[in-house]
Amino acid sequence: MILFSVFSSIALVSSVMVIRAKNPVHSVLFFILVFFNTSGLLVLLGLDFFAMIFLVVYVGAIAVLFLFVVMMLNIKIAEIHENVLRYLPVGGIIGVIFLLEIFFIVDNDYIPILPTKLSTTYLTYTVYAEKIQSWTNLETLGNLLYTTYFVLFLVSSLILLVAMIGAIVLTMHKTTQVKRQDVFRQNAIDFKNTIKKIRDI
Amino acid sequence: MELELDLSFFYKTTILPECVLIFCLISILILDLILKIKDKNVFFFISLVSLLLSIFILIFQLKEEPVISFLGNFQADNFNKIFRIFIALCSILCIPLSIDFIKCTKLAITEFLIFLLTATIGGMFLCGANDLITIFVSLECLSLCSYLLSGYTKKDVRSNEAVMKYLLIGGTSSSILAYGFSWLYGLSGGEFQLQKIADGLVSTEMYNSFGSLLALVFIIVGIGFKLSLVPFHQWTPDVYEGSPTPVVAFLSVASKIAGLALLVRLFNIVFPFLPNQWHSLLEISAICSMILGNLVAITQTSMKRMLAYSSISQIGYLMIGLVTGNFDGYTSMIVYLLFYIFMNLGTFACIILFGLRTGTDNIRDYSGLILKDPLLTFSLALCLLSLGGIPPLSGFFGKLYLFWCAWKTGLYFLVFIGLFTSVISIYYYLKIIKLLITTENKEVTSYVQSYTVSSFSLLSKNSIEVSIIICVIASIFLGIFMNPIINILQINLHLNTFTNI
């Protein structure tokens, strides 16, 4: 419980810092800190595999990519914190709406101080961890992915394939005018043949 | 666990059409990698054959009983199968349109085909999706391919702008949709299959609450962006103007079919308790789409923008069938959708041909086209008239049946708006036709002067002309055979789970 509070409070503070940081690089670093704390929360829930995947995918790939992008774009720091209060009205309204929506669900089950009339009987849930005690996370995941959620697995693999091809198609510029070095061809050139050719001329 | 394995293998024929397409896609990819084929027409041939094959499989499967396969992830009933046939049909008609376009613009052909096929697969999965995760994943599959396709001409600045707008708007709408889904998931007590959500909403006594209304609104907003219904239509003209024209032709039809199938299934299965709410919300947006789409289309100068607004108004007409909400209403919607595929793709095919030969899509530049190419003028005029709904053509019969069904259920105001806006739409379609036909002003634009016609022998027809001819013939004569079509549809839809309410 103490660990939960530590992880979640650090995550909350650093996610505020993501928005408030003046330097975008600091912002991305705080972002990575959020991910670390969230994966700590996942470990507390007993989802060790997901925690590791979370770290590998988000911290290892996405956040570092962000960091590179931010460093390459060379954004001027002064421009960013110029208009802090400009978006406050719109953002504030949206924030208040989202907060109100949370209060539709939250009742004294979560926060004991809140007075509420709603009965909590409708919150039925299954504790899946009890059902699959004999299996580890990985086994469960594998079993589900290749049987029950086979269609989802298929479609998401298609999405990944298309995303990969699309990224290559959109970024590759193959111009024919530029002279390139073809490594394999250059290595395969025979010394004698080259000399011979020039002698013939 | 044994039992689950058996079940998932037992139902494998339900996604056989999609599997054919996936196999074709991978084989195209590998063949292009391994063999150095110079003549890329082989790939078009492979993809057309596989699309035809999947359509035939679907047609054969129409006789089967509706099954829910993969433990509830995928439902195959006749309603879905008809929509899946339609999506495959669109890609069959769109692939010939893109052959010459890609050859002229010297883009990579194989990747274009792969994106198009993946979009088709995503749309087909979306039509049959039976739980929230499948819906979201296949919707993303469809939209990711749409983004990539609309930014395919990467050297074109307008295309870049279009894909940027499309990506941002699409991402926003997807997140709104996912938020609505999360409300449904929470309110139903952690269910994500559509039928179980409805049961869960009953058992938690939340089916009439504010929360489920909120979920409904979020889902309508999310799908409305995809369908370009009126309050959420702003991206449509820009994306249509910037994207490559064959892609626009595909997007304007395929995404609408998939979105409509999703809308019908989702609302009929999950929200049977709030019929008044979702009917009235959709009615408002249908009225707005018809009025705004048709009125703004009058003032457009670009042909593609005009067709974008025209497609907004057409989705309004299709919504009438959905709002009607009974068996006849859905049948009329499907019939009009079938006609709409042919009319719209025919129009786009003519525009692609004109654009390839002259390099412009301004309405003004079309004047006096009849002097150069009477055949193209004739087909464009017929398709436009059919879109507008002039009597002997199929668009008229489709609209007539649609309005008649709505009138029977007492949606008088909606029918009145539909009729009124049809008149407006006929006005601006006729304006273009007048421009095409009139030869009074002798100064033919330079674009039309540079127009060169290929020889008129049947053998040298290019692929665009083939699909123009198919579309024109379909949009003329399908209307006459409307009664058999309706009968076939009604017999097939009869086995369905929700339309016989």
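Quick caveat, the model's predicted, so the values are computed rather than measured.

Secondary structure summary: chain A contains 10 helices and 0 strands in total. Going residue by residue from the N terminus, the α and β elements of chain A occur as α-α-α-α-α-α-α-α-α-α. Excluding contacts between residues fewer than 6 apart, the proportion of contacts in chain A whose partners are at least 24 apart in sequence is 44%. Roughly 16000 Å² of accessible area belongs to chain A as shown, and the carbon and sulfur atoms make up 70% of that amount.

Attention shifts here to the interface of chain A and chain B. Opposite the 28 residues of chain A that make contact, chain B presents 38 residues. Buried surface at the junction of chain A and chain B, both sides included, amounts to about 2900 Å², of which 82% is carbon and sulfur. Where chain A touches chain B, the interface holds 0 salt bridges. Our count for the chain A to chain B interface comes out at 1 residue pair in polar contact (both at pLDDT 80 or more). Elements with a minimum of two residues in the side of chain A that touches chain B: α5 (88–105), α7 (137–148) and α8 (150–171) of chain A. Sort the elements by how many residues they give to the side of chain A that touches chain B and α8 of chain A lands first, with 15 residues. Looking at the side of chain A that touches chain B residue by residue, the class counts come to 20 nonpolar, 7 polar and 1 charged.

By size, the foremost hydrophobic cluster in this structure holds 188 residues, and its most contacted members are Phe83, Leu260, Phe267 and Leu282 of chain B. At 20 residues, helix α14 (residues 327–358) of chain B tops the list of elements feeding residues into this core. Excluding residues that lie within four positions of it along the chain, phenylalanine 267 of chain B makes contacts with Leu216, Ile219, Ile220, Pro272, Trp278 and Leu282 of chain B. Among the nonpolar cores identified, the runner-up in size contains 7 residues, and Ile32, Leu42, Ala51 and Phe54 of chain A belong to it.

Here we take up empty space enclosed by the protein. All names here are of chain B. Tallying each qualifying case throughout the model produces 3 cavities of 30 Å³ or more. Here the largest cavity is characterised by a volume of approximately 190 Å³. If you go around the largest cavity, you meet 18 residues; those closest to its centre are Leu139, Ser143, Tyr166, Lys226 and Ser255. Taken together, the elements giving at least two residues each to the lining of the largest cavity come down to α6 (132–150), α7 (157–187), α9 (210–227) and α11 (245–270). Split into classes, the residues belonging to the lining of the largest cavity amount to 11 nonpolar, 6 polar and 1 charged. A volume near 40 Å³ is recorded for the second largest cavity. Lining the second largest cavity are Tyr166, Lys226, Leu227, Ser228, Trp235, Thr236, Tyr240, Leu251, Ser252, Ser255 and Lys256. Listed by contribution, the elements that provide at least two residues to the lining of the second largest cavity are α9, α10 (235–242) and α11. A per-element tally of the lining of the second largest cavity places α11 first, with 4 residues. Class assignment of the residues belonging to the lining of the second largest cavity gives a composition of 5 nonpolar, 4 polar and 2 charged.

Here is what the cut-offs are and how they apply
Residues numbered from 1 in each chain as written. Chains lettered and ligands numbered in written order. Predicted model: local features only at pLDDT ≥ 70, side-chain atom pairs only at ≥ 80, totals over all residues. Heavy atoms only, no water. Helix = DSSP H or I, 4+ residues; strand = E, 2+ residues; numbered from the N terminus. Contact = heavy atoms within 4.5 Å. Areas by Shrake-Rupley, 256 points an atom, 1.4 Å probe, with all protein chains shown as cover. Buried area = accessible area lost by both parts, 1.4 Å probe. Salt bridge = Lys/Arg side-chain N within 4 Å of Asp/Glu carboxyl O. Polar contact = N/O pair within 3.5 Å; in protein donor to acceptor, adjacent residues only side chain to side chain. Nonpolar A, V, L, I, M, F, W, Y, C, P; charged D, E, K, R; others polar. Core = buried A, V, L, I, M, F, W, Y, C linked by side-chain atoms within 4.5 Å. Buried < 20%, exposed > 50% of the residue type's maximum accessible area, 1.4 Å probe, protein only. 1 Å grid on protein atoms, 1.4 Å probe; cavity = no way out; pocket = protein on both sides within 12 Å on 5 of 7 lines; lining within 4 Å. Points joined across faces, edges and corners; volume = space filled by probe spheres on them.

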